[in-house]
Amino acid sequence: MNPSHNARYLVLLGPTDAPRALLFSGEHRYLAEMIDDDGMMVDTLLKSSRVCPRPRNLKFDAVATVDPAHAAKDVRCYALG
């Protein structure tokens, strides 16, 4: 397995009751968006992660636009594993 394809960060965007969940590698590359209709997968990942500051070079501009005025509350970052 190629370690550069392993998710190391979970980023939640938007409201807490219905966030978008994005996965990033240890090199801060976007890997995928999780489609989680009932929230169970995100909840499972959150239980095994820790809150972390968003890395400055996390590249998700092509995936999602975040209003800078709301970025602090709209973007939550978690380190996985």
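What comes next concerns the included structure. Since the structure is predicted, the reported quantities are computational estimates derived from the model, not experimental observations.

Some thoughts on the packing of aromatic side chains
So, point 1. Taken as a whole and judged by the stated rule, the model has 1 aromatic pair.
So, point 2. Between Phe-24 and Tyr-30, the ring centres sit 5.8 Å apart and the planes meet at 70°, which makes this aromatic pair edge-to-face.
So, point 3. A residue is classified by how much of its surface remains accessible, and Phe-24, at 0% relative accessible area, is buried.
So, point 4. On the basis of relative accessible area, Tyr-30 is assigned to the partly exposed category, the value being 31%.

With respect to the layout of surface pockets
So, point 1. Taken as a whole, the largest pocket encloses approximately 220 Å³ of empty space.
So, point 2. The wall of the largest pocket is formed by 18 residues, among which Ala-18, Pro-19, Asp-36, Gly-39 and Val-42 lie closest to the centre.
So, point 3. Of all the secondary structure elements, the ones that give two or more residues to the lining of the largest pocket are β2 (20-25), β3 (30-34) and α1 (40-47).
So, point 4. Examining the composition of the lining of the largest pocket, we find that 3 residues originate from one element, α1, more than from any other.

Observations regarding the pattern of salt bridges
So, point 1. Scanning all chains against the criterion turns up 1 salt bridge.
So, point 2. Measuring nitrogen to oxygen at the nearest pair gives 2.8 Å for the salt bridge that ties Arg-20 to Glu-33. With Arg-20 in strand β2 and Glu-33 in strand β3, this residue pair connects regions lying 13 residues apart in the sequence.

Let's talk about the side chain of Ser-25
So, point 1. Inspection of the secondary structure puts Ser-25 in strand β2.
So, point 2. Here Ser-25 falls in the buried class, since its relative accessible area comes to 0%.
So, point 3. In this structure the side chain of Ser-25 is engaged in a polar contact, spanning 3.2 Å, whose partner is the backbone nitrogen of Glu-27.

What about the environment of Ser-48?
So, point 1. For Ser-48, the location among the structural elements is in the loop between α1 and β4 (49-51).
So, point 2. Exposure remark for Ser-48: the relative accessible area of 46% places this residue in the partly exposed category.
So, point 3. Between the C-alpha atoms of Ser-48 and Gly-81, which are 33 residues apart in sequence, the distance is 6.4 Å.

Here we look at the sheet that holds β2
So, point 1. Spatial ordering of the open sheet is given by β3-β2-β1-β5-β4, a layout of 5 strands whose pairing is antiparallel. Of all the strands in the sheet, the pair left with one neighbour each is β3 and β4. Taking each pair of neighbouring strands and ignoring which way they run, the sheet shows an average axis angle of 30°.
So, point 2. The pairing of strand β1 (residues 7-13) with strand β5 (residues 75-80) spans 5 bridges and is classified as antiparallel. What sits directly across from Val-11, in β5, is Cys-77.
So, point 3. Across the face of the sheet, α1 comes into contact with β1, β2, β3, β4 and β5 while running at roughly 120° to β1.

Thresholds, definitions, all that
Residues numbered from 1 in each chain as written. Predicted model: local features only at pLDDT ≥ 70, side-chain atom pairs only at ≥ 80, totals over all residues. Heavy atoms only, no water. Phe/Tyr/Trp six-rings, centres within 6.5 Å; stacked < 30°, edge-to-face > 60°. Buried < 20%, exposed > 50% of the residue type's maximum accessible area, 1.4 Å probe, protein only. 1 Å grid on protein atoms, 1.4 Å probe; cavity = no way out; pocket = protein on both sides within 12 Å on 5 of 7 lines; lining within 4 Å. Points joined across faces, edges and corners; volume = space filled by probe spheres on them. Helix = DSSP H or I, 4+ residues; strand = E, 2+ residues; numbered from the N terminus. Salt bridge = Lys/Arg side-chain N within 4 Å of Asp/Glu carboxyl O. Polar contact = N/O pair within 3.5 Å; in protein donor to acceptor, adjacent residues only side chain to side chain. Pairing = 2+ DSSP bridges. Axes fitted to C-alpha atoms, helices over the stretch in contact; angles between N-to-C directions. Contact = heavy atoms within 4.5 Å.

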